Amino acid sequence: MSAKGYVEKVLEEVKKRNHGEPEFHQAVREVLGSLGPVIQKHPEFEKNALLERIVEPERQIIFRVPWQDDKGAMRVNRGFRIQFNSALGPYKGGLRLHPSVYTGIIKFLGFEQIFKNSLTGLMMGGGKGGADFDPKGKSDSEVMRFCQSFMTELFRHIGADTDVPAGDIGVGGREVAYMFGQWKRLTKLFNGILTGKGLDFGGSLARTEATGYGCVYFTEEMLKERNDSIAGKTVVVSGSGNVAIYAHQKATQLGAKVVAMSDSNGFIYDKHGINLDTVQRLKEVERKRIKEYVSEHKTAQYTEGCSGIWNIECEIALPCATQNELDEKAAKTLVKTGCIAVAEGANMPSTPSAVQVFLDNKIAFGPGKAANAGGVATSGLEMAQNSQRLAWTFEEVDEKLHRIMIDIHKSANEAAKEYGTPGNLVNGANIAGFLKIARAMMAQGLV
Ligand code: NDP
Ligand code: 2IT
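None of these values were measured; they are calculated from a predicted model. (Residues numbered from 1 in each chain as written. Chains lettered and ligands numbered in written order. Predicted model: local features only at pLDDT ≥ 70, side-chain atom pairs only at ≥ 80, totals over all residues. Heavy atoms only, no water.)

S.K.: Explain the site of ligand 2 to me, using residue names and the numbers behind them.
M.R.: Around ligand 2, the structure places 14 residues, and the nearest of them are Lys92, Lys116, Asp168, Arg207 and Ser379. At 2.9 Å, a side-chain N or O of Asp168 approaches a nitrogen atom of ligand 2. Measuring from an oxygen atom of ligand 2, one finds a side-chain N or O atom of Arg207 at 2.9 Å. Coverage of ligand 2 by the protein amounts to 94% of the 290 Å² it exposes when considered alone. The residue inventory of the shell around ligand 2, partitioned by class, reads two nonpolar, seven polar and five charged. (Near = heavy atom within 4 Å. Polar contact = N/O pair within 3.5 Å; in protein donor to acceptor, adjacent residues only side chain to side chain. Areas by Shrake-Rupley, 256 points an atom, 1.4 Å probe, with all protein chains shown as cover. Nonpolar A, V, L, I, M, F, W, Y, C, P; charged D, E, K, R; others polar.)

This is the structure:
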């Protein structure tokens, strides 16, 4: 069979066997769509059914999460942990708490995570989990009871050398800490079972900042390739959560001006720049809506609805909220209004046709699995520190993170060139990430 025919056959099977999971189909299509030239060069991959194996999770765990709300009512959510691939190390990847969570979302995220983790060069397999719990409007004690119940089932499936969860949408320091506390009660183990822990109990300095910082370091590498830099550029960052906040911080440190941010209700714009201290207080401390920002900053405007953020003129766009938040129309607007670089802080924020617009117009485009890999890379560094019972300084961790992002850019860029599509970092990241996993799976026999 031709390489193209083999890829199409596997894609068809994925659609048939994972019915009603469009996000997962999308993520698989994006990766497999880059692999034609690799399959051509390595017929042994087809002979050994490597693609068929790589699209099938090693293990999927779905469980009931019962908890009690503040009024005493019994509530039930559905919990997930999908242990996708352990060829390169223990399963590693975040937990998402959002009402939209279902198998298709966790599978897409778990699948992306395999290649992202491979790109970091650290020993980490891929996995993802979460629940369809909505943390919005819940009290601290409700969140605690939910997290404790979630861990009461999850603990029997994970381990510091087996599967190490972390944060994602709706899971930050508070949730990780509650889960860690429950893990300890259940197992008596104080170890690196979760990353993104508090600094007082095994967390790593710079993990909080890592995804956003890493995304900007990656952008810097893409611009360097074009003899350009971030300094002096106008930037739009979508979202106002963990990734968005620290992308803003690093871009600002490097001399750029961030003029817009958003949440799931709407976006704020100020041509003089968005004040990060205010956003941090509103979102990290007070857990309020982004709309509150304009009552404190008179030159800023708030617009209801989050997709309009891409109409704002900018040179660099950093989508840092969620999947499929940037569509073809938005991509065309960005290109028309002078955007030169897009780096995905979120997972799969650009739709496939938006990605095509960026590639066709030679925009410097950093796909999520490369551009946002700094978060999980620093989780890997947290695991290394936990194993040694040591804590590195902020500067040490940040320097390692920076190095890793430079190396990811380099390997994606080189793979893109080697396989015939220079400058296409989508192909480059997919191929570079895939090759390492493929080699490991081939060496490990029928796994
Ligand atoms: P947070 O929960 O801290 O923030 C999420 C942000 O995105 C919030 O501003 C939220 O708005 C907004 N958002 C969430 N869902 C939607 C939606 N359906 N439509 C519009 N806006 C939405 O999450 P993170 O910052 O951690 O994660 C953001 C993205 O980055 C996700 O795609 C995640 O998978 C990815 N990522 C995260 C990493 C990490 O280390 N945390 C690492 C790599 C990638 P609101 O408050 O209104 O919900
Ligand atoms: O998507 C991601 O890479 C994350 N949410 C971070 C995962 C991790 O294990 O730090």
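S.K.: Please set out the pairing of strand 2 (residues 74–85) residue by residue, giving values where relevant.
M.R.: Looking at chain direction, strand 1 (residues 59–68) and strand 2 are connected through ten bridges and run antiparallel. From the neighbouring strand, Gln68 faces strand 2, where its bridge partner is Met74. Linkage of strand 1 to strand 2, two consecutive antiparallel strands, is achieved through a turn of five residues, within which Gly72 is found at a positive phi near 95°. Sheet analysis places strand 2 next to strand 4 (residues 125–131), joined by six bridges and oriented antiparallel. For Phe80, the partnering residue across the bridge sits in strand 4 and is Gly130. (Pairing = 2+ DSSP bridges. Helix = DSSP H or I, 4+ residues; strand = E, 2+ residues; numbered from the N terminus.)

S.K.: Quick rundown of the sheet that holds strand 10 (residues 316–319)? Include the residues and the values.
M.R.: Within the open sheet, the seven strands sit side by side as 9-8-7-6-10-11-12. Their pairing is mixed. A strand with exactly one partner marks an edge of an open sheet, and here the two such strands are strand 9 (301–304) and strand 12 (364–366). Each strand axis lies, on average, 15° off the axis of its neighbour in the sheet, ignoring direction. With three bridges connecting them, strand 11 (residues 341–343) and strand 12 associate as parallel partners. Residue pairing for strand 12: Ala343 is matched across the bridge by Gly366. (Axes fitted to C-alpha atoms, helices over the stretch in contact; angles between N-to-C directions.)

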